[in-house]
Number of protein chains: 2
Amino acid sequence: VRNTTIGVFDSGFGGLTVLKALLEVIPDAEYLYFGDTARLPYGSKSVETVARYAREAARFLEQQGAELLVIACNTATALALEQIRQAASVKVLGVIEPGAQRASAASQSRKVVVVGTEATISSHAYQKALAAVQIESREKACPLLVPLVEEGWVEHAVTEQVARIYLDEAFCDGFSSADVLLLGCTHYPLLKPILHRVVPENVTLVDSAESVALAALNLMVSGTSNAEPGQLDGVKTLGVRLSDPSHLRFFVTDSVEKFRRLGTRFLGQEIRDITHVDLKE
Amino acid sequence: VRNTTIGVFDSGFGGLTVLKALLEVIPDAEYLYFGDTARLPYGSKSVETVARYAREAARFLEQQGAELLVIACNTATALALEQIRQAASVKVLGVIEPGAQRASAASQSRKVVVVGTEATISSHAYQKALAAVQIESREKACPLLVPLVEEGWVEHAVTEQVARIYLDEAFCDGFSSADVLLLGCTHYPLLKPILHRVVPENVTLVDSAESVALAALNLMVSGTSNAEPGQLDGVKTLGVRLSDPSHLRFFVTDSVEKFRRLGTRFLGQEIRDITHVDLKE
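Residues numbered from 1 in each chain as written. Chains lettered and ligands numbered in written order. Predicted model: local features only at pLDDT ≥ 70, side-chain atom pairs only at ≥ 80, totals over all residues. Heavy atoms only, no water.

A. Here's a closer look at the overall build of chain A. For chain A, the helix and strand inventory stands at 12 helices and 10 strands. Here chain A has a C-alpha radius of gyration of 17 Å; the compact-globule value for 281 residues is 19 Å, and the two agree. With the principal axes as the frame, chain A shows a C-alpha extent of 50 × 40 × 35 Å. Across the 281 residues of chain A, 60% fall into the buried class. In chain A, the share of contacts with a sequence separation of at least 24, taken over all contacts with a separation of at least 6, comes to 73%. Summed over its atoms, the accessible surface of chain A is roughly 10,500 Å², and 49% of this surface lies on carbon and sulfur atoms. Seen as two clouds, the 27 positive and the 34 negative side-chain charges of chain A have centres 2 Å apart. (Helix = DSSP H or I, 4+ residues; strand = E, 2+ residues; numbered from the N terminus. Rg over C-alpha atoms; globule rule 2.2 N^0.38 Å. Buried < 20%, exposed > 50% of the residue type's maximum accessible area, 1.4 Å probe, protein only. Contact = heavy atoms within 4.5 Å. Areas by Shrake-Rupley, 256 points an atom, 1.4 Å probe, with all protein chains shown as cover. Lys, Arg positive; Asp, Glu negative; His and termini not counted. Charge placed at Lys NZ, Arg CZ, Asp CG, Glu CD.)

B. Spatial organisation of the sheet that holds strand β5 (residues 111–116) of chain B. All names here are of chain B. The strand order β6-β5-β7-β8 describes an open sheet built from 4 strands, whose pairing is parallel. Every other strand in the sheet has two partners, leaving β6 (136–141) and β8 (204–207) as the edge strands with one partner each. Between one strand axis and the next, the sheet turns through 25 degrees on average, direction left out of account. Running over the sheet, helix α8 (residues 157–170) touches β5, β6 and β7 (180–183) and is turned about 150 degrees from β6. (Pairing = 2+ DSSP bridges. Axes fitted to C-alpha atoms, helices over the stretch in contact; angles between N-to-C directions.)

C. Spatial organisation of the pattern of salt bridges. Within this structure, the stated rule accounts for 24 salt bridges over all chains. Taking the shortest distance from any N to any O, the salt bridge between Asp36(A) and Arg39(A) comes out at 2.9 Å. Between Asp278(B) and Arg52(A) there is a salt bridge, and its shortest N-O distance comes to 3.2 Å. You can see Asp278(B) sitting in the segment after β10 (274–276) and its partner Arg52(A) sitting in helix α2 (residues 47–63), one on each of two chains. We classify Asp278(B) as partly exposed; its relative accessible area is 40%. By relative accessible area, Arg52(A) is classed as buried at 17%. (Salt bridge = Lys/Arg side-chain N within 4 Å of Asp/Glu carboxyl O.)

D. Main features of the relation of the copies chain A and chain B. Between chain A and chain B, the superposition needs a rotation of 180 degrees and an axial shift of 0.0 Å, giving an RMSD of 0.0 Å. Considering both components of the superposition, the chain copies are consistent with a two-fold axis. Rotation axis and chain A: the residue whose C-alpha lies nearest the axis is Arg39(A), separated from it by 2.6 Å. (Least-squares fit on C-alpha atoms with pLDDT ≥ 70 in both.)

E. Representation of the interface of chain A and chain B. Contact residues are listed per partner, giving 33 residues for chain A and 33 residues for chain B. Interface area, chain A with chain B, both sides summed: about 2,500 Å², of which 52% is carbon and sulfur. Counting across the interface, chain A meets chain B through 12 residue pairs in polar contact (both at pLDDT 80 or more). Of all the elements in the fold, those that place two or more residues in the side of chain A that touches chain B are α2, α7 (145–150), α8 (157–170) and α12 (256–267) of chain A. (Buried area = accessible area lost by both parts, 1.4 Å probe. Polar contact = N/O pair within 3.5 Å; in protein donor to acceptor, adjacent residues only side chain to side chain.)

F. Looking closely at the state of the cysteines. In the structure shown here, the tally under the stated rule is 0 disulfides over all chains. The thiol of Cys172(A) is unpaired, and the distance to the nearest cysteine sulfur, on Cys142(A), comes to 13 Å. Residue Cys142(B) stays outside any disulfide, its sulfur separated by 9.1 Å from that of Cys185(B), the closest cysteine. The class of Cys142(B) is buried, set by a relative accessible area of 1%. (Disulfide = S-S within 2.5 Å.)

G. The environment of Ala57(A), seen in detail. All names here are of chain A. Within the fold, alanine 57 resides in helix α2. Sequence separation of alanine 57 and glutamate 150 is 93 residues, and the distance between their C-alpha atoms is 23 Å. When near neighbours in sequence (up to four residues on either side) are disregarded, alanine 57 contacts Phe9, Phe34 and Leu279.

H. Region of the structure containing the pairing of strand β4 (residues 91–94) of chain B. The sheet contact formed by strand β3 (residues 68–71) of chain B and β4(B) spans 4 bridges and is parallel. The residue of β4(B) that forms the bridge with Ile71(B) is Gly94(B).

I. Summary view of α8(A). Between its terminal C-alpha atoms α8(A) stretches 20 Å, which fits the 20 Å expected from 14 residues at 1.5 Å a residue. Residues of α8(A) that are buried include every one of Val158(A), Thr159(A), Glu160(A), Val162(A), Ala163(A), Tyr166(A), Leu167(A) and Ala170(A), and no others. In this structure, the buried side of α8(A) is in contact with β5 (111–116), β6 (136–141), α7, β7 (180–183) and α9 (192–198) of chain A together with α8 of chain B. (Expected span 1.5 Å × (residues − 1).)

J. Structural detail: the environment of Gln269(A). All names here are of chain A. Its location among the elements puts glutamine 269 in the loop between α12 and β10 (274–276). Its relative accessible area of 11% is what places glutamine 269 among the buried residues. Placed 249 residues apart in sequence, glutamine 269 and lysine 20 show a C-alpha to C-alpha distance of 8.9 Å.

K. Here's a closer look at the side chain of Asp10(B). All names here are of chain B. Along the chain, aspartate 10 turns up in strand β1 (residues 5–10). There is no salt bridge for the buried aspartate 10, and the closest opposite charge comes from lysine 45, which lies 12 Å off by N-O distance. The contacts of aspartate 10, once residues within four sequence positions are left out, are Gly15, Tyr33, Phe34, Gly35, Asp36, Ala72, Cys73 and Thr186.

L. Looking closely at the environment of Val180(B). Residues and elements named next belong to chain B. Following the sequence through the fold, valine 180 ends up in strand β7. Using a relative accessible area of 0% as the deciding quantity, one classes valine 180 as buried. For valine 180 and serine 104, which are 76 residues apart along the polypeptide, the C-alpha to C-alpha distance reads 8.7 Å. Those residues in contact with valine 180 that lie beyond four places of it in its chain are Ala103, Ala106, Ser107, Lys111, Val112, Val113, Phe171, Val203, Thr204 and Val206.

M. Seen up close, the sheet that holds β6(A). All names here are of chain A. Pairing in this open sheet of 4 strands is parallel, and the strands run β6-β5-β7-β8 from one edge to the other. Each of the sheet's edge strands pairs with one partner strand only, and the pair in question is β6 and β8 (204–207). Direction aside, the axes of adjacent strands within the sheet are offset by 25 degrees on average. By the bridge criterion, 4 bridges tie β7 to β8 in an arrangement that is parallel. Of the residues in β8, the one forming a bridge with leucine 183 is aspartate 207. Packed on one face of the sheet, α8 meets β5, β6 and β7 and runs near 150 degrees to β6. Sitting on the sheet, helix α10 (residues 208–222) is in contact with β7 and β8, with an inclination near 55 degrees to β8.

N. Just the packing of aromatic side chains, in detail. All chains considered together, the criterion is met by 22 aromatic pairs over all chains. With a centroid separation of 5.8 Å and an interplanar angle of 50 degrees, the aromatic rings of Tyr42(B) and Tyr53(B) are classed as tilted. Taken together, the residues Tyr42(B) in the loop between β2 (30–35) and α2 (47–63) and Tyr53(B) in helix α2 connect sequence positions 11 residues apart. By relative accessible area, which is 1% here, Tyr42(B) ends up buried. Judged by its relative accessible area of 1%, Tyr53(B) falls in the buried class. With a centroid separation of 5.1 Å and an interplanar angle of 75 degrees, the aromatic rings of Phe60(B) and Phe251(B) are classed as edge-to-face. Here Phe60(B) is found in helix α2, whereas its partner Phe251(B) is found in strand β9 (residues 248–252), with 191 residues between them in sequence. Both residues of the pair, Phe60(B) and Phe251(B), count as buried. Chaining the aromatic ring pairs together yields one cluster made of Phe9(A), Phe34(A), Tyr42(A), Tyr53(A), Phe60(A) and Phe251(A). (Phe/Tyr/Trp six-rings, centres within 6.5 Å; stacked < 30°, edge-to-face > 60°.)

In short, geometric facts, not functional conclusions.
Written out as structure tokens, the structure is:
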């Protein structure tokens, strides 16, 4: 595990919650983070466009030395995981399958509500992944939650009201008995306190950022990303530590300064080594 | 005026409110609309990135036959108007100067509040344009309003609450006497009913979409975009008519189907002739 170089790819900042989770469970790896900030958000774009951007990013991270790719973007995973795998020569891990497996482990009622961007939800990638583990799901697009997080309103009454509108529409009819809310967007972990307040009391929040980090550890240790729940729980107790920043390198397609400023909020620690890159289409 | 080909450029859908205003005042022109939907929004991107995208779009519209370019995107105007003018061989009109002139004509107190995206506001382009016509301005970034419009919540209680939070912070201290709200974003005309409700009663809403359309007419008729207010008022009474769709051609960098669906809301009429284009960086 030590000194393995892990490439993490996202359309922008949200993937930093995945990097944060990776640093908790695999603190000794080297990390390359690519944020395609000039072309974000992917959540409102078509499958062709997202797939093209994602292939370019994967190629870039491999050129920089990544030995494992983590697609820390739900939209890119939902729309283009197979295309990225075909284009890459290293192992590629997406956020959706690990999230679905964790949701399955957490659900008694076998009914799960999934929230995400318009593109992620329209792809029905979570619905398919959950159906494969015998979970019935209701998918709900929540396009306002990302802008609210980026505005910094993570504990704001307006955000709670918006979340309540979205989730009341989801936890009803056949899904009032759903007992898991699967966060299918890497911005949403910042909204956990609000989301806890607006869902029914017995609902467990499953965070795809945590799930993919644990799947990455499992892949590196055992060669499979299908972790058993007990195994993952053990790993979780490792807890947080601030990582040596020399193990972290960041590449962004838009302003370095803006990434430094906004990114800190998502990663929970200072972001230092940022390089601006231009990807030719 | 008849048969002149006008190229209208925007990062996405918002510029359709400018096209709508243009169709009202110059109904006989031919229109080419370029929406850079694969790379929207520009509002959160850096000046270098926006300038590069805007130059590419301008070049494309000229190649398609545009004889006049209207930059229907506040962010692109704020960040890159001069760069676009240098790259173009036809006349180029931005939204900001016409908006500032209309605001000046409407203001008694000589104090104006400007709202727009983060990038537009950070550029202080409106502040400079308003200072040039002896108007003191307060600029307020309202990053949540575009996502709220795109969610379709144009008459929603949440949107009114968000607008009230933003505008209460603007119409205070030295600016409680401001008597014009300048809409420095082409999405905002759809929020006029809500904005009217949340600003002080005596405040006039000035719409940069309308302003640039009138400036374009003036440029074509008299060779200058500096219209006198009386002249513009006469033009305004021409009113709306549905345009012959054969005079409208649309080019987008992302999904044609999504543009047709969302765009209709902004243009107020059906959108037919849409072509997908790829701009190489």
